[in-house]
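Given next are the chains, with one letter for each unit.
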Amino acid sequence: MGTRHALNLHRAVGSARVAAVYDLDQDRARQVAGMCGQALVFEDPERLINDPHVDAVVIASPDDTHAGLTRACLQAGKPVLSEKPLATTVEDAVRVLEAEVALGQRLVSVGYMRRFDPQHMAVKTAVADGSLGRPLLFKGVHRNAAVQYGITGETILINSAGHDFDSTRWLLSEEVLEVYVRGLRSRPGLHPDTKDLLLIEMALTNDSLAVVEVYVNADYGYEVSAEVVCQRGSAVTTLADTALVRSEARRTHPIPKDWLARFQNAYAVEIVEWVESIQEGRPFRGANTWDGYMTMLITASCIESFRSGTVKSLKIPDKPALYQ
Ligand code: ISE
């Protein structure tokens, strides 16, 4: 993910350059720095963050390091685009939120890249214009070919389903009030504790609903779809820039193997928008700390529901003025 962001910055953003790279794997850091021109290589992420050659930081490290590194950026007064999730616990998300509110300046952006995907943006536009009536239901499908980072329901909720929580809030413009999660193990050969297919139901403000399938061992490829059902119609993401191929008595569409292929366009648009927002001194159009925090609250409630098998309610906190 870090390589993808570095290359997108290097190739797609004319008004910024990759000044420095850190990776625990220093060979990898040198390799990426070499692909991006004259970038410096650091042995320590906090020194990179505080280096005067660095104006802004992209974090694409393991999930549980995001919150600490993001706070280091806030301490240095530097804008930061953190990969999702903002944090892996509610406590860590609160610490980032409190640090930013204390600073009184919005410096943190969170990489929920679907907000920059043309298909998702088209759904948002169709729904937001009001002609379909009130949005009633979000239906999400999120499939990975094979799981990479872990196979517990908890891991999937933190690492994968966060996208769907963000899509739900963003596309419906409502907040989640209640969640209910069920999971199953898709194959007998997997570890007995595995739950690699989750079904998540949510009740939201304004009497709206959401249902999301997250299946991380779908095997055949990578797919994400989002539909918003409204009073007088619905809007759903269509296939991303693919050709319908006719051959040997079949019509076929290719399916991407992973999110880097499916969302390349979104990642490029996201990083261009992020740099422009910094250079123009305005808020980033994507997710901010408040969104990252709300997603973490939903995730934590889903983990409780998944463990207990019961419905969990959320208390929506007051939104600080900084994010109004
Ligand atoms: C990964 O980190 C992503 O961001 C992908 O979009 C998601 O589909 C995958 O499940 C995550 O592991």
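Provided above is the structure to which this section pertains.
These lines cover the structure that appears in this document, whether it is placed above or below.

Turning next to the pairing of strand β5 (residues 108-111). A two-sided burial pattern is seen for β5, the buried positions comprising V108 and V110 on one face and S109 and G111 on the other. Of the strand pairs in this sheet, strand β4 (residues 80-83) and β5 are connected by four bridges, and their pairing is parallel. Its bridge partner being in β5, V80 is matched across the sheet by V108. With helix α5 (residues 90-103) bridging β4 and the parallel β5, this β-α-β connection has right-handed handedness.

Per the counting criterion, the structure on display carries four aromatic pairs. Here F116 and F284 contribute two aromatic rings whose centre-to-centre distance is 5.5 Å and whose plane-to-plane angle is 40 degrees, an arrangement assigned as tilted. Of this pair, F116 sits in the loop between β5 and α6 (118-128) while F284 sits in the loop between α10 (264-279) and β14 (287-288), and the two are 168 residues apart along the sequence. A single burial state applies to F116 and to F284, both of which are buried.

A separate point is the environment of Q31. Considering the arrangement of structural elements, one finds Q31 in helix α2 (residues 26-35). Judged by its relative accessible area of 43%, Q31 falls in the partly exposed class. With ten residues separating them along the chain, Q31 and V21 place their C-alpha atoms 9.7 Å apart.

In this section: the site of the ligand. Surrounding the ligand, one finds ten residues, the nearest of these being H142, N144, N159, S160 and H163. Between K84 and the ligand, the recorded distance is 2.8 Å, taken from a side-chain N or O atom to an oxygen atom. One of the side-chain nitrogen or oxygen atoms of H163 is found 2.8 Å away from an oxygen atom of the ligand. By residue class, the composition of the shell around the ligand is four nonpolar, five polar and one charged.

To continue, consider the nonpolar core. By size, the foremost hydrophobic cluster in this structure holds 61 residues, and its most contacted members are L157, I200 and M202. Ranked by residues supplied to this core, first place goes to helix α11 (residues 289-308) with nine residues. Core analysis: the next-biggest nonpolar cluster, separate from the first, contains 23 residues, A39, A266, W274 and V275 among them.

A few words now on the sheet that holds strand β10 (residues 223-230). Note: strands within a sheet are paired through backbone hydrogen bonds, in either parallel or antiparallel orientation. Read from one edge of the open sheet, seven strands run β11-β10-β6-β9-β8-β7-β15, paired in mixed fashion. Edge positions in the open sheet fall to β11 (233-236) and β15 (312-313), since each of these has one partner strand only. Across seven bridges, the pairing between strand β6 (residues 135-143) and strand β9 (residues 208-215) is parallel. Directly across from K139, in β9, lies its bridge partner V211. Relative to β6, helix α8 (residues 162-172) is tilted by about 155 degrees, and along the sheet it contacts β6, β8 (197-204), β9 and β10. Where α11 meets the sheet, its contacts fall on β7 (176-184), β8 and β15, and the angle it forms with β7 comes to roughly 45 degrees.

Calculation criteria
- Counting starts from 1 at the beginning of each chain's written sequence and moves along it residue by residue.
- Per-residue local features of the predicted model are confined to residues with pLDDT of at least 70, and side-chain atom pairs are confined, for both listing and counting, to 80 or more; whole-chain, interface and lining totals are unaffected and use all residues.
- Where side-chain values are given, they derive from all heavy atoms of the structure, hydrogens and water being excluded.
- Accessibility here uses a 1.4 Å probe with only protein chains present; expressed as a share of the type maximum, an area under 20% marks a residue as buried, one over 50% as exposed, and anything in between as partly exposed.
- Think of it this way: any DSSP run of H or I at least four residues long counts as a helix, any run of E at least two long counts as a strand, and we number them from the N terminus.
- Strands were regarded as paired on the criterion that DSSP finds at least two bridges between them.
- Looking down the strands as they point away from you, a crossover is right-handed if its path from the first strand over the helix to the second goes clockwise.
- Any Phe, Tyr or Trp ring, taking Trp's six-membered ring, that has another such ring centre within 6.5 Å forms a pair; planes under 30 degrees apart are called stacked, those over 60 apart edge-to-face, and the others tilted.
- It suffices for a single heavy atom of a residue to lie within 4 Å of a molecule or strand for the residue to be listed as near it.
- Identification of polar contacts relies on pairs of N or O atoms within 3.5 Å, with a donor-acceptor requirement for protein atoms, meaning one able to donate a hydrogen and the other able to accept it, and with residues adjacent in sequence counted only if both atoms are side-chain atoms.
- Throughout, the ten residues Ala, Val, Leu, Ile, Met, Phe, Trp, Tyr, Cys and Pro are labelled nonpolar, Asp, Glu, Lys and Arg are labelled charged, and all others, Gly among them, are labelled polar.
- Definition used in this section: a nonpolar core is a set of buried Ala, Val, Leu, Ile, Met, Phe, Trp, Tyr and Cys residues joined via side-chain atoms within 4.5 Å.
- Only heavy atoms matter for contacts: two residues are in contact if any of them lie within 4.5 Å across the pair.
- Inter-axis angles, ranging from 0 to 180 degrees, are taken between N-to-C directions of lines fitted to C-alpha atoms, where helices are fitted over the stretch in contact.

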